[in-house]
Amino acid sequence: GLSSAVVRRGASEDRREAMSMRIVKVGVIGAGRIGLVHLEALASCQDAQCVIVSNPTVSKAEAAAKLYNVNEWTGDADDVITHPEVEAVWICSPSSFHAEQIMKCAAEGKSVFCEKPIATDLPETIEAINVCNAAGIKLMTALQRRFDPNFARVKQAVVSGEVGEPIVVKLCSRDPAPPPFEYVKGGGGIFKDMAVHDLDMSRFLMGSEPIEILASGSCHIDPKIAKLPGPEAFDTANVIVRYAGGKEAIIDVCRQAPYGYDQRAEVLGTKAMIQTDNMYPNTARLFAADYTGNADLPYDFFMSRYKEAYKQETIAFVDALVNDKPSPCTGEDGLIALIMAIAAGKSAEEGRWVKFSEVADAVQCDANGCMVVDLDYKSTESNDWIRRAISNLRGTAVAK
């Protein structure tokens, strides 16, 4: 049952209950910035209803519940997971809690929508996916850029053959301002907490298996982070991802762009080239004696820039739940993105091309769990590493 700490609003008739369509009852863990984004997205989804939200600071949970007309709130995430009405849980808590909360959801038979990452390291990521596969629940990794209309249109051009066979993918990702020192410290570094989206997008657009990576990093924006270990010391990075057949993706990321949130993609194919521009608050253009161009700067916050993407990924997962479709962005997708980010950090630190198989094959699993072992990287087989990585996942044949 629910703990006595759960607070209910006054009962109000939900008009949607009278409708014939199936409404998925969900709970949200976390009422911080990203939790509010997902609560807003859920509120706009006609096939879903949030029935409870949690946050360690209960006043935040209460404020979020009242803002989005959620009937119950609590300070305990377990109340969300064990709530008798909840069918699926949106995990929007800090990264260090994700794996444990995913496993608790699986134990309760609740499907999971999880903000990236699934876990902070590879063994724990594999364990969390394995538990979901064994329970037969759906697990979605929230790599929201796949659902952005701009990137989706580029993907469509690749899949339909509009651009021909992809040759080069270029991605640019620059934040308006650097995050606080406390966010960077312990966050895993620029490849895990920022470039992971671009690494995943390069794979999404290229449509083939990545083989190896060359990355470099430097510090130009916030000198305080330069003393942090490994990739946490970088606020600027450049990456080349080599794919099957020698195709390459080129990525640049930086934690500061004074002109706004800079998110662009380009695919050069054998027939055509397609690229996206930045998103602006409006289409107004100013013509003056000393300036011609957009009247306003691009969006300066990821929640504004990707508002539609958050909505579309919510609709996609709810559709998968209602109609028993496969998860639109799986735990396996999250696992591969994490392997790519770890390999990028290894490349930047060691100053060499790193095969993704070096990272993937270093994870050894048995009935007792998974652990990372030392391998001679020169002896690893670079091809088919994704299949081998997924072979660590038990029950993938029945995973939904």
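Predicted model, so just to flag it, every value in this text is computed and none were measured. (Residues numbered from 1 in each chain as written. Predicted model: local features only at pLDDT ≥ 70, side-chain atom pairs only at ≥ 80, totals over all residues. Heavy atoms only, no water.)

Once that is clear, we can look at the state of the cysteines. Evaluated as defined, the whole model comprises 0 disulfides. Unpaired in terms of disulfides, C50 finds its nearest cysteine sulfur in C92, a separation of 9.5 Å. Look at C50 and you get buried, because its relative accessible area is 10%. (Disulfide = S-S within 2.5 Å. Buried < 20%, exposed > 50% of the residue type's maximum accessible area, 1.4 Å probe, protein only.)

Let's shift gears to the sheet that holds strand β11 (residues 248–254). The strand order β13-β12-β8-β11-β10-β9-β16 describes an open sheet built from 7 strands, whose pairing is mixed. Of all the strands in the sheet, just β13 (273–275) and β16 (354–355) have a single pairing partner and so form its edges. Packing of helix α6 (residues 149–159) onto the sheet brings it into contact with β8 (166–174), β12 (262–269) and β13, and relative to β12 it is tilted by some 5°. Contacting β8, β9 (210–218), β10 (236–243), β11 and β12, helix α9 (residues 196–206) runs over the sheet at an angle of about 155° to β8. (Pairing = 2+ DSSP bridges. Helix = DSSP H or I, 4+ residues; strand = E, 2+ residues; numbered from the N terminus. Contact = heavy atoms within 4.5 Å. Axes fitted to C-alpha atoms, helices over the stretch in contact; angles between N-to-C directions.)

Assignment of secondary structure puts E87 in the loop between α3 (77–81) and β5 (88–91). Among the residues examined, E87 registers a relative accessible area of 30% and is labelled partly exposed. On a C-alpha basis, the gap between E87 and R22 in space is 12 Å, while along the polypeptide they are 65 residues apart. Contact partners of E87, with chain neighbours within four places excluded, come to R22, I23, V24, K25, K110 and S111.

Our next topic: the nonpolar core. W90, I102, F191, L205, I213, V241 and I339 are the most contacted members of the largest nonpolar core, which has 111 residues in total. Sorting elements by how many residues they give to this core places helix α12 (residues 331–350) first, with 10 residues. (Core = buried A, V, L, I, M, F, W, Y, C linked by side-chain atoms within 4.5 Å.)

Let us look at the packing of helix α5 (residues 122–135) against α12. α12 packs onto α5 with a crossing angle of 175° between their chain directions and a minimal axis gap of 10 Å. Classified by the angle between their axes, α5 and α12 sit roughly antiparallel to one another. Where α5 approaches α12, its residues L122, T125, I126, I129 and N133 are matched on the opposing element by G331, E332, L335, L338, I339 and I342. Its residues assigned to classes, the contact of α5 with α12 comprises 7 nonpolar, 3 polar and 1 charged. (Parallel < 35°, antiparallel > 145°, perpendicular 65-115°, else oblique. Nonpolar A, V, L, I, M, F, W, Y, C, P; charged D, E, K, R; others polar.)

What follows covers the confidence of the model for the chain. Summarising the model, the chain shows a mean pLDDT of 90, and 91% of its residues fall at 70 or more. Scored below 50 in pLDDT, residues 395–400 shows 13 contacts in the model against residues more than four places distant or in partner chains. (pLDDT = per-residue confidence, 0-100.)

Here we come to the pattern of salt bridges. Taken as a whole and assessed by the stated rule, the structure comprises 25 salt bridges. Close ionic contact of D324 with K138 constitutes a salt bridge, the shortest N to O distance being 2.9 Å. Residue D324 is found in the loop between α11 (307–322) and α12, and its partner K138 is found in the loop between α5 and β7 (139–142); the two are separated by 186 residues along the sequence. In this structure K138 comes out as buried when scored by relative accessible area, which is 5%. Notably, a salt bridge pairs E358 with R352, separated by 2.9 Å at the nearest N-O pair. Taking relative accessible area as the criterion, R352 reaches 15% and is therefore assigned buried. Among the charged side chains, a network of salt bridges with common partners joins R146, D200, R203 and D333. (Salt bridge = Lys/Arg side-chain N within 4 Å of Asp/Glu carboxyl O.)

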